[in-house]
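Chain by chain, the residues run as shown.
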Amino acid sequence: MIKIGFLGCAHVHAATYCQELRLSQQGRPVAVFDHDRARADAFAAAHDLTVAPTPEGLCAMVDAVIITGEHVTYPEYVAVAATADVPVLCEKPLGTSAEAAKAILSSGAWLSVAFPVRYAPPVRQAKAAIENGSLGALVAMSGTNHAAFPGGFFGTRSESGGGALIDHVVHLADALRWLTGCEYRTVYAEAGRFSRVGDVEDAGQVVVTTTDGAWASIDPSWSRPVGMPGANDLVMTLWFENGRLSIDAFARHASLVDEDGAVTHLPYGRSMDAELLDDWLTAIRLGSAPPVPMDDGWKATQVALAALTSAQYGTVVDITDQEDRSA
């Protein structure tokens with residue numbers, strides 16, 4: 001069994017990954033480090049883990065790490081894991097700035113990015129249909145990834161790098177690019193703070209164009225009330241010359257209505273998080289390449305960062321210009 005440690009546990013997915021790993025046939029969680037010792041102690045007590053005194057100490061205890069701290073900690077944690085030659089699964093985004101992302105990209109780490117949407121069965125089915133070729137050329141795309149405010153550090157810009165634009169644009173930018181093979185050219189975004197969650201935007205609309213002339217709209221808003229059944233969604237529609245695809249990544253669920261009329265959505269089947277972790281652990285065990293390479297993480301993060309810039313200044317951001325200047 002691959003021994004797994006958590007570098008940071010502030011992220012909402014840390015607990016989810018820990019729970020899924022308890023069911024894994026390939027790995028098991030054993031330790032956690034967090035710069036907030038009280039948080040590390042609470043997480044360790046809840047999940048029966050050992051608390052490591054330092055990031056380096058954690059890497060010495062395990063075979064692989066999952067980075068689930070505040071977004072701004074990712075470059076530091078990746079550097080420690082790279083020095084220790086420990087494989088990494090890193091939450092998104094791949095940095096809160098272009099400089100942070102470049103530090104990760106140049107770290108030399110064996111790193112896979114946590115993009116679980118790729119593993120949802122409806123998304124996999126859609127990719128197979130697209131690769132069949134009968135749909136023809138891509139014309140346009142749209143995607144929504146709504147949720148309630150996730151809480152914690154997500155509302156503090158100095159720790160998260162941004163709000164809904166950073167949190168959810170990356171999922172859709174990656175999924176649409178992975179499905180179609182498109183590359184993005186320009187990004188325009190508008191955003192606002194409607195629920196006043198911390199000092200970050202909680203709603204927005206993003207429009208991107210691709211290098212082959214298609215375009216897409218992305219809605220990443222934290223626009224759902226806490227406790228709403230089905231608050232988290234991820235829906236995509238793709239238009240092609242010869243047809244249209246509609247994809248609901250969270251379609252597989254049952255609705256439970258209790259005696260008071262409260263509705264709960266209960267997903268069924270193996271979760272996309274479980275599939276993500278299994279693919280990552282298989283790659284480690286076989287010594288193969290990271291399933292979701294860092295460059296894919298950067299391509300999605302680049303769109304999110306450009307959306308933040310566009311929303312701030314009211315301009316269209318050409319990310320191909322940025323690539324030319326950094327080359």
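All of the points below concern the structure found in this document. For clarity, every value in this text was computed on a predicted model and none was experimentally measured.

Before going further, it helps to spend a moment on the pairing of strand β2 (residues 27-33). Most of β2 is tucked away: six of the seven residues are buried. The pairing of strand β1 (residues 2-7) with β2 spans six bridges and is classified as parallel. Each residue of the ladder has a partner; that of Ile4, found in β2, is Pro29. Here β2 pairs with strand β3 (residues 50-51) via two bridges, running parallel. Counterpart to Val32 in the pairing with β3 is Val51. Handedness of the crossover joining β2 and β3 through helix α2 (residues 37-47): right-handed.

Below, the discussion takes up the pattern of salt bridges. Overall, the coordinates contain 13 salt bridges when judged by the stated rule. With a shortest N-O distance of 2.8 Å, Asp296 and Arg118 are connected by a salt bridge. Taken together, the residues Asp296 in helix α10 (residues 294-313) and Arg118 in the loop between β6 (111-113) and α6 (121-131) connect sequence positions 178 residues apart. A relative accessible area of 5% places Arg118 in the buried class.

Moving on, we get to the sheet that holds β2. Spatially, β3-β2-β1-β4-β5-β6 is the arrangement adopted by the six strands of the open sheet, whose pairing is parallel. One side of each edge strand has no neighbouring strand; the edge strands of this open sheet are β3 and β6.

Moving on, we come to helix α5 (residues 98-105). When we look at burial in α5, the residues that qualify are Ala100, Ala101 and Ile104. One side of α5 carries all its buried residues, which in axial view fall inside an arc of 100 degrees. Against α4 (74-84), β6 and α10 lie the buried residues of α5.

Along the chain, Thr68 turns up in the loop between β4 (64-67) and α4. C-alpha of Thr68 to C-alpha of Cys90: the two residues are 22 residues apart in sequence and 7.0 Å apart in space. Setting aside chain neighbours within four positions, we find Thr68 in contact with Phe6, Leu7, Gly8, Cys9, Ala10, His11, Ala14, Tyr17 and Glu91.

By volume, the largest pocket is sized at about 1,300 Å³. Lining the largest pocket are 43 residues, and of these Asn232, Phe250, Pro267, Met272 and Asp273 lie nearest its centre. Listing elements by their share of the lining of the largest pocket, those giving two or more residues are α1 (13-21), α6, α8 (164-180), β14 (263-267) and α9 (272-286). Top contributing element to the lining of the largest pocket by residue count: α1, with four residues. A class-by-class count of the residues in the lining of the largest pocket yields 20 nonpolar, 14 polar and nine charged.

Here is what the cut-offs are and how they apply
Residues numbered from 1 in each chain as written. Predicted model: local features only at pLDDT ≥ 70, side-chain atom pairs only at ≥ 80, totals over all residues. Heavy atoms only, no water. Buried < 20%, exposed > 50% of the residue type's maximum accessible area, 1.4 Å probe, protein only. Helix = DSSP H or I, 4+ residues; strand = E, 2+ residues; numbered from the N terminus. Pairing = 2+ DSSP bridges. Right-handed = clockwise from strand over helix to strand, strands pointing away. Salt bridge = Lys/Arg side-chain N within 4 Å of Asp/Glu carboxyl O. Arc of directions from axis to C-beta. Contact = heavy atoms within 4.5 Å. 1 Å grid on protein atoms, 1.4 Å probe; cavity = no way out; pocket = protein on both sides within 12 Å on 5 of 7 lines; lining within 4 Å. Points joined across faces, edges and corners; volume = space filled by probe spheres on them. Nonpolar A, V, L, I, M, F, W, Y, C, P; charged D, E, K, R; others polar.

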